[in-house]
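Each chain is listed here by its residues.
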Amino acid sequence: MARGDHIYVHCLGYSHHGIDLGDGNVIHFDYHPWQALSRKLAKARDPEIRQVSLEKFSVGRPVITRRYHECDDVETVIERAESRVGDT
């Protein structure tokens, strides 16, 4: 994995994606299907784009890098991801 890579982990019934920041952190949309139910049952935080550690993102699952034939340059990818942190 490298800075700016599109990474993901397999979860039960879906895959969860993020952008590797190259420093042990990931920007991802912090939302999981079970949150919709928990939000109805209790006051849960709103889904949000967040920066977290790679460890917290992967929860011990193998991290896979999504490869592309063509893509934006690394700094554009990182800048775009960082600009969305905090969005819901």
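Residues numbered from 1 in each chain as written. Predicted model: local features only at pLDDT ≥ 70, side-chain atom pairs only at ≥ 80, totals over all residues. Heavy atoms only, no water.

Chemist: Give a description of the overall build of the protein that names residues and reports values.
Modeler: Of the regular secondary structure elements, the protein holds 3 helices and 5 strands. When the helices and strands of the protein are read in sequence order from the N terminus, they spell out β-β-β-α-β-α-β-α. Here the protein holds 88 residues, and 33% of them are scored as buried. Of the contacts formed within the protein by residues at least 6 apart in sequence, a portion of 55% connects residues at least 24 apart. As displayed, the protein offers around 6,100 Å² of accessible surface, 52% of which is attributable to carbon and sulfur atoms. (Helix = DSSP H or I, 4+ residues; strand = E, 2+ residues; numbered from the N terminus. Buried < 20%, exposed > 50% of the residue type's maximum accessible area, 1.4 Å probe, protein only. Contact = heavy atoms within 4.5 Å. Areas by Shrake-Rupley, 256 points an atom, 1.4 Å probe, with all protein chains shown as cover.)

Chemist: How would you summarise the sheet that holds strand S1 (residues 6-11) if you had to cite specific residues and measurements?
Modeler: Taken in spatial order, the 5 strands line up as S4-S3-S2-S1-S5 in an open sheet, and their pairing is antiparallel. At either margin of the open sheet sits one strand with a lone partner, and together these are strand S4 (48-53) and strand S5 (64-66). If you compare each strand with its neighbour and ignore which way they point, the axes differ by 35° on average. Here 6 bridges tie strand S3 (residues 25-30) to S4, and the two strands are oriented antiparallel to one another. Bridge pairing links Phe29 to Ile49 in S4. (Pairing = 2+ DSSP bridges. Axes fitted to C-alpha atoms, helices over the stretch in contact; angles between N-to-C directions.)

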